[in-house]
Amino acid sequence: MDNRFATALVIGSVLSLLSVIYLSAAVGTVSWYHYATSPVLANVSDTAEHEFKNEPEKANEKAYTDALYHCNGSLGLWQQCITVTQQHYDPDDSSSKLHCVSLSFSDQFLEKYSQPGNHNTEIDLIRTYLWRCQFLLPLVALGLIFFGAIVGLAGCVCRSLYPALGTGALHLLAGVCTMGAVLCFSSGMYMLQMSLPPPPGVRGEYGWSFCLACVSSPLQIMAGALFLWASRASRKEYSLMKAYRVA
């Protein structure tokens, strides 16, 4: 194998591994979006806090969104957390406790309504499918990379660069899926805040998990491009050498 092709495969494999690590960390953590709450608003009604601590399917969207607004909430693809301030006997003595709820697979398929929390309004199909795609697409991307790795290993066993063509195509598809998940999440957050605006004194910002997903997508695309280049350039060079020998 030419050193150029070997170098491209090694660099592509490293980029692919980094993208898997970044995407897996992003999917498994709760730092996709943060709400920074002003100390004046850092309280939540007992009803909203109770709704949030219950199973997600028993709480309406408005209740736990309000809790996220007022309690320095954090959102992930599979978890949502709030920070509850607990007052002790001394008025100046207080401590913060993190409460998280996990979303099951069925919870991810719940419908979203035009007015969050009001089940009497129409179903918002756009927000519903954005919510579903934002957690499905990263799983599809990880599956494509895993299948591409199997195809690449099969190529190593066969001592051929031809399977790298399939590996590259799968990585390109994975990059598109990851970018789609990022766009679905950001669009869903924008539409939610348009329907249920945060109160004054609450500031929202994207977290490091979201940034990891954003970085993972170009890494997958670059890895796919390297695999495709190595496969096609190797095949072209092999064809030229074969024609030269025949001549």
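Note that the structure is a prediction, hence the values are computed from the model and not measured. (Residues numbered from 1 in each chain as written. Predicted model: local features only at pLDDT ≥ 70, side-chain atom pairs only at ≥ 80, totals over all residues. Heavy atoms only, no water.)

Caption draft 1: The pattern of salt bridges, seen in detail. What the rule picks out here adds up to 4 salt bridges. Between Arg127 and Glu61 there is a salt bridge; the shortest N-O distance is 2.9 Å. Here the residue Arg127 occupies a position in helix α4 (residues 125–158), and Glu61 occupies one in helix α3 (residues 61–70), the gap between them amounting to 66 residues. Here Arg127 and Glu61 have matching classes, each one buried. Taking the shortest distance from any N to any O, the salt bridge between Arg203 and Glu205 comes out at 2.9 Å. By relative accessible area, which is 48% here, Arg203 ends up partly exposed. Looking at Glu205, the relative accessible area reads 38%, which means it is partly exposed. (Salt bridge = Lys/Arg side-chain N within 4 Å of Asp/Glu carboxyl O. Helix = DSSP H or I, 4+ residues; strand = E, 2+ residues; numbered from the N terminus. Buried < 20%, exposed > 50% of the residue type's maximum accessible area, 1.4 Å probe, protein only.)

Caption draft 2: Spotlight on the UniProt feature "transmembrane region" (unreviewed entry) in the chain. The sites that UniProt annotates as "transmembrane region" (unreviewed entry) are residues 135–158, 170–194 and 206–230. Note that residues 170–194 is 100% helix and 0% strand, and that its end C-alpha atoms are spaced 36 Å apart. End C-alpha to end C-alpha, residues 206–230 measures 37 Å, and it is 92% helix and 4% strand. (UniProt positions renumbered as here; feature names shortened; annotations may be inferred.)

Caption draft 3: The arrangement of the pairing of strand β1 (residues 33–37) in detail. Alternating residues of β1 divide into Tyr33, Tyr35 and Thr37, all buried, and His34 and Ala36, none buried. The sheet contact formed by β1 and strand β2 (residues 74–75) spans 2 bridges and is antiparallel. What sits directly across from Tyr33, in β2, is Leu75. Sheet topology places β1 next to strand β5 (residues 202–206); 5 bridges connect them, and they run antiparallel. Directly across from Tyr35, in β5, lies its bridge partner Gly204. (Pairing = 2+ DSSP bridges.)

Caption draft 4: The packing of aromatic side chains, seen in detail. For the structure shown, the criterion picks out 12 aromatic pairs. Note on Tyr206 and Phe210: the rings are 4.3 Å apart at their centroids and 25° apart in plane angle, and the pair reads as stacked. On the basis of relative accessible area, Tyr206 is assigned to the partly exposed category, the value being 37%. The rings of Trp32, Tyr33, Tyr35, Tyr69, Phe185, Tyr206 and Phe210 are connected pair by pair, giving a single aromatic cluster. Stacked on the ring of Trp131, the Lys or Arg Lys112 has its end atom at 3.9 Å from the ring centre. The ring centre of Tyr129 lies 5.2 Å from the NZ or CZ of Arg132, which sits over that ring. (Phe/Tyr/Trp six-rings, centres within 6.5 Å; stacked < 30°, edge-to-face > 60°. Lys NZ or Arg CZ within 6 Å of the ring centre and 35° of its normal.)

Caption draft 5: A look at the side chain of Ser19. Here Ser19 shows up in helix α1 (residues 3–28). When neighbours within four sequence positions are excluded, Ser19 is seen to be in contact with Ile145, Ser216, Leu219 and Gln220. (Contact = heavy atoms within 4.5 Å.)

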